[in-house]
Amino acid sequence: MALKASELKVGDTHTARLVEDLKRTQLVQYAGASGDYNPLHSDEIFTTKVAGYPSVFAHGMLTMGMTGKMLTDYVGDARLTKYGVRFTSQVWPGDTLDSTATVKAVTDKDGKKVVELDVKTVNQNGVEVLSGYAEARVDP
Amino acid sequence: MAVKTFPVEATHILMFARSVGDDNPVYADAEYAKKTEAGGIIAPPTFAQASAQFDPDYVLRPRPGKPWFGSGKNPSGVTRESSGGGGGNGGGLHAEQHFEYHRHVKPGDVLTATNLPGKTWEKEGRRSGKLIFSETVTEYRDQNGELVITARGVGVRTERPVDQQ
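Rules behind the numbers
- Residues numbered from 1 in each chain as written.
- Chains lettered and ligands numbered in written order.
- Predicted model: local features only at pLDDT ≥ 70, side-chain atom pairs only at ≥ 80, totals over all residues.
- Heavy atoms only, no water.
- Phe/Tyr/Trp six-rings, centres within 6.5 Å; stacked < 30°, edge-to-face > 60°.
- Helix = DSSP H or I, 4+ residues; strand = E, 2+ residues; numbered from the N terminus.
- Lys NZ or Arg CZ within 6 Å of the ring centre and 35° of its normal.
- Buried < 20%, exposed > 50% of the residue type's maximum accessible area, 1.4 Å probe, protein only.
- Contact = heavy atoms within 4.5 Å.
- Buried area = accessible area lost by both parts, 1.4 Å probe.
- Salt bridge = Lys/Arg side-chain N within 4 Å of Asp/Glu carboxyl O.
- pLDDT = per-residue confidence, 0-100.

Turning our eyes to something else, we now look at the packing of aromatic side chains. Under the defined criterion, the tally for this structure stands at eleven aromatic pairs over all chains. Between Trp121 of chain B and Phe133 of chain B, the ring centres sit 5.4 Å apart and the planes meet at 10°, which makes this aromatic pair stacked. Highlighted residues: Trp121 of chain B in strand E4 (residues 120-125) and Phe133 of chain B in strand E5 (residues 129-141), separated in sequence by twelve residues. Ring pairs connect the aromatic residues Tyr30 of chain A together with Phe6, Phe16, Phe47 and Phe54 of chain B, which therefore count as one cluster. It is Lys119 of chain B that lies over the ring of Trp121 of chain B; its NZ or CZ is 5.9 Å from the centre.

Okay, the environment of Pro64 of chain B next. All names here are of chain B. Position of Pro64 among the secondary structure elements: in the loop between helix H2 (30-34) and strand E2 (93-101). Judged by its relative accessible area of 80%, Pro64 falls in the exposed class. C-alpha separation for the pair Pro64 and Gln97, spaced 33 residues apart in sequence, amounts to 30 Å.

On to helix H1 (residues 24-34) of chain A, then. Looking only at H1 of chain A, the buried set comprises Gln26, Leu27, Tyr30, Ala31, Ala33 and Ser34 of chain A. Buried-residue contacts for H1 of chain A involve strand E1 (13-19) and helix H3 (60-75) of chain A together with helix H1 (10-19) of chain B. Of the residues one or two after H1 of chain A, Gly35 of chain A is the one with positive phi, at around 90°.

Attention now goes to the interface of chain A and chain B. Of the residues lining the interface, 48 residues belong to chain A; the matching set on chain B comes to 53 residues. Between chain A and chain B, the buried area comes to about 3,900 Å², and carbon and sulfur atoms account for 56% of it. The three residues of chain A that bury the most area against chain B are Ala33, Met61 and Asp77 of chain A, which together make up 14% of that side's buried surface. Our enumeration of links across chain A and chain B arrives at four salt bridges. Close ionic contact of Lys69 of chain A with Asp23 of chain B constitutes a salt bridge, the shortest N to O distance being 3.5 Å.

Once that is clear, we can look at unusual backbone geometry. Note: most residues except glycine have negative phi, and most peptide bonds are trans. Residues and elements named next belong to chain A. In this structure, Asp21 takes a positive phi of about 55° despite not being glycine. Relative to the assigned elements, Asp21 resides in the loop between E1 and H1. For Asp21, a relative accessible area of 38% puts it in the partly exposed group.

To continue, consider the confidence of the model for chain B. The share of residues in chain B with pLDDT of 70 or more is 92%, and the mean pLDDT across the chain is 90. The low-confidence segment residues 82-91 of chain B, where pLDDT is below 50, has 32 contacts with residues more than four positions distant or belonging to other chains.

Our focus in this paragraph is the pattern of salt bridges. Side chains bearing opposite charge may pair, as long as their charged atoms lie close to each other. All names here are of chain A. One pass over the structure, following the stated rule, counts 21 salt bridges over all chains. Between Lys109 and Glu135 there is a salt bridge, with its nearest N and O atoms 2.8 Å apart. Of this pair, Lys109 sits in strand E3 (residues 97-109) while Glu135 is found in strand E5 (residues 128-137), placing the two residues 26 residues apart along the sequence. Residue Lys109 is classed as partly exposed on the basis of its relative accessible area, which comes to 32%. Its relative accessible area of 8% is what places Glu135 among the buried residues.

Set out below in structure tokens:
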């Protein structure tokens, strides 16, 4: 289950598909669960006619949340100690996202082993939509 | 966001995990979760953001009797102060989000969220004109006053909608 420091090498990667053909309904689902009802994510009329975008688009935090699944599936439950991202491009309905964690370092922290990861999520055109890092406790 | 009481409930965790497409039973099945290292249901990594549900003044939630900027009879329920502003009214776009986990949140926790002052800065954007960034640091503490999550968010307001090259 958990990763082992002794088996991790700098440059190791873990990749997962986060979503295929992202649906507007999922944006609505995320709005309801998170409480962020910004119409930019659910209201096509407001978003195209008033805000000036081609369509509604995903909450950055939805992309971060989906990317989080890739991370916790890799490092195990309750293992994350840090997770941070920059939102580098918008995510649109219809997008297909793939996410990769790359081992940057395996270090000691307070006498325990941790893995530092680079995190990147790209869309179907290879455009980066999220770039960040994570840190997780690993077994020796 | 500043929140006095954020009661963490299993149903909310279940709905939040579903919304991000995460079907890991550690977020939904108490019997299963008990046998994992987590020792019970925990919240997924970005769940703290759902504290917005418990912020009485949260601007991105329609409230009865208050104007709402989304569409109804008209494309927007309010008159906008300017024509640009790619973020729309209320909060701009989200540029960055960082979490540091001191422990993982679980059902039964009652959190408070306190905002600390953050920096603001400006930048000239290639695709959206002038960008104004503002940072918020939020400390989530549990019912015993223990720090559970430190969050840092960066929002950005743009001069005009982001160009789609």
